[in-house]
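If you want the building blocks of each chain, they are given just below.
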Amino acid sequence: MRLTDGEKTFLESIGTTLNFPKGQIIFATGQRSNEIYLIKSGWVKIFRTNLNGRQVSVALRYPGDFIGLAEVLSDEAEREYSAEAMENVSLLIIWRDAFMKMLAKNPEFSAKVLNLMANRLREAQNTIHDFIINPVQGRLAVVLKNMAERAGVSEEGDYINVKLNVTQEELACLVGSSRQTVSTLLQLLKEDDCLKYKGREITGVNIRKLNSWIG
C-alpha cells in the first residue's frame, strides 16, 4: 500500500511511534483491540498458537504495511491473531476513532485500505493453494522468495541482495515443518546456488533458481 506524503504526515500527526525489539510480542490473541499499527521499519510475523502450543504463522508484514486492521474494521472486540517483531521494529500506533475519521474524510485513502484488504484475501487464498500443491521445499522457496522481493535492498546479477537474519525455527513455523527439515532444505538450496550466506544471515536470494523449487 503506497501512501502519499500527505497521508504519511497526517498519520504521523494522529499516531504515536513505538519501538519493539526482536522477539517481542506486539499484540496477542485474545487481547481487546482498539488500535492499528503502521510498520515504519522492520518486519512482523502474524501467527496463531494451536492447542498443542505450536505457533502457526499466517503472514509476514513489512515496512509500509498496516497490521491489526481486520479487528478494527470489523468491530471485533478481541484479536484473533498475535504479532511478533521478527527484528527490531518501529511502529506507528493509531487509535481506532482517529483512523475511522480519516477513512470517512479521505475517499482516496479509504479506497487504498479496501484494496489492501482485497489483496490480503487473495494472499490468504494463495497461501492455502501453496500449502496444498507444494511439499515443504516448495513452501520454503515461496517464503524466501516473498521475503526477498519485499525486503531486498538491491540486485546483483541473478541475486537480490537482502539481510535476512531469520532462524531455522522461525522458517519452520512459517512453512509448517520441523527445524531439522528446514535446516536440511536450506543446505540444499545453498548448494543449488539459490541462497548466499554471511555467517548465519542470508545475504542473497536467486529468484530464478528458487522458482524451480516451487510447484
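Higher on the page you've got the structure.
Residues numbered from 1 in each chain as written. Predicted model: local features only at pLDDT ≥ 70, side-chain atom pairs only at ≥ 80, totals over all residues. Heavy atoms only, no water.

Asks: I would appreciate a short explanation of the overall build of the chain in the present structure.
Replies: Across its full length, the chain holds eight helices and twelve strands. Principal axes of the C-alpha set define a box for the chain whose edges measure 55 × 40 × 30 Å. Of all 215 residues assigned to the chain, the portion counted as buried reaches 41%. Here the analysis covers contacts within the chain between residues at least 6 apart in sequence; of these, 72% occur between residues at least 24 apart. Accessible surface, the chain as shown: approximately 11600 Å² in total, 50% of it carbon and sulfur. Measuring between centres, the 27 positive side-chain charges of the chain sit 1 Å from its 26 negative side-chain charges. (Helix = DSSP H or I, 4+ residues; strand = E, 2+ residues; numbered from the N terminus. Buried < 20%, exposed > 50% of the residue type's maximum accessible area, 1.4 Å probe, protein only. Contact = heavy atoms within 4.5 Å. Areas by Shrake-Rupley, 256 points an atom, 1.4 Å probe, with all protein chains shown as cover. Lys, Arg positive; Asp, Glu negative; His and termini not counted. Charge placed at Lys NZ, Arg CZ, Asp CG, Glu CD.)

Asks: I'm lost on the sheet that holds strand S11 (residues 195-198) in this one. Help?
Replies: Hydrogen bonds between backbone atoms are what pair the strands of a sheet, whose relative direction is either parallel or antiparallel. Read across the sheet, four strands follow the order S9-S10-S12-S11 without closing on themselves; strand pairing throughout is antiparallel. Of all the strands in the sheet, the pair left with one neighbour each is strand S9 (154-156) and S11. Neighbour-to-neighbour, the strand axes of this sheet turn through a mean angle of 30°, independent of strand direction. Where strand S10 (residues 159-164) meets strand S12 (residues 201-206), four bridges bridge the pair, whose relative direction is antiparallel. Within S12, the position partnered with Ile-160 by the bridge is Val-205. (Pairing = 2+ DSSP bridges. Axes fitted to C-alpha atoms, helices over the stretch in contact; angles between N-to-C directions.)

Asks: Help me understand the environment of Glu-84 in this model?
Replies: As for its position among the elements, Glu-84 is in strand S7 (residues 82-85). According to the relative accessible area criterion, Glu-84 is buried, its value standing at 11%. Along the primary structure Glu-84 and Pro-21 are separated by 63 residues, whereas in three dimensions their C-alpha atoms are 9.5 Å apart. Sequence-distant contacts of Glu-84, defined by excluding residues within four places in its chain, comprise Gly-23, Gln-24, Ile-25, Ile-26, Trp-43, Val-44, Lys-45, Phe-47 and Gln-55.

Asks: Whenever I open this one, the packing of aromatic side chains confuses me. Can you help?
Replies: The description of two aromatic rings rests on the distance between their centres and on the angle between their planes. Counted according to the given criterion, the structure contains five aromatic pairs. Seen in terms of ring centroids, Trp-43 and Tyr-62 are 6.2 Å apart; in terms of plane orientation they differ by 20°. Their pairing is stacked. Pair noted here: Trp-43 is in the loop between strand S3 (35-41) and strand S4 (44-49) and Tyr-62 is in the loop between strand S5 (55-61) and strand S6 (66-67), with a separation of 19 residues, a long-range link. You'll find Trp-43 and Tyr-62 in the same group, each marked buried. Members of the aromatic cluster, each reached through a chain of ring pairs, are Phe-66, Phe-99 and Phe-109. The ring of Tyr-81 carries Arg-48 above its face, with NZ or CZ at 5.0 Å from the centroid. Note that Arg-79 overlies the ring of Phe-27, its terminal NZ or CZ placed 4.3 Å from the centroid. (Phe/Tyr/Trp six-rings, centres within 6.5 Å; stacked < 30°, edge-to-face > 60°. Lys NZ or Arg CZ within 6 Å of the ring centre and 35° of its normal.)

Asks: Would you take a moment to explain the side chain of Ser-82 for this structure?
Replies: Along the polypeptide, Ser-82 turns up in strand S7. In terms of polar contacts, Ser-82 uses its side chain to reach the backbone amide nitrogen of Thr-29, at 2.9 Å. Sequence-distant contacts of Ser-82, defined by excluding residues within four places in its chain, comprise Phe-27, Ala-28, Thr-29, Lys-45, Ile-46 and Phe-47. (Polar contact = N/O pair within 3.5 Å; in protein donor to acceptor, adjacent residues only side chain to side chain.)

Asks: How should a nonpolar patch on the surface be read in this particular structure?
Replies: A cluster of nonpolar side chains, namely Ile-128, Ile-132 and Ile-133, defines an oily patch on the protein surface of about 320 Å² accessible area. Along the chain, Ile-132 falls in helix H4 (residues 107-133). (Patch = residues over 30% accessible without salt bridge, like charges linked within 9 Å, V, L, I, M, F, W, Y side chains within 5 Å. Salt bridge = Lys/Arg side-chain N within 4 Å of Asp/Glu carboxyl O.)

These figures capture arrangement, not role.
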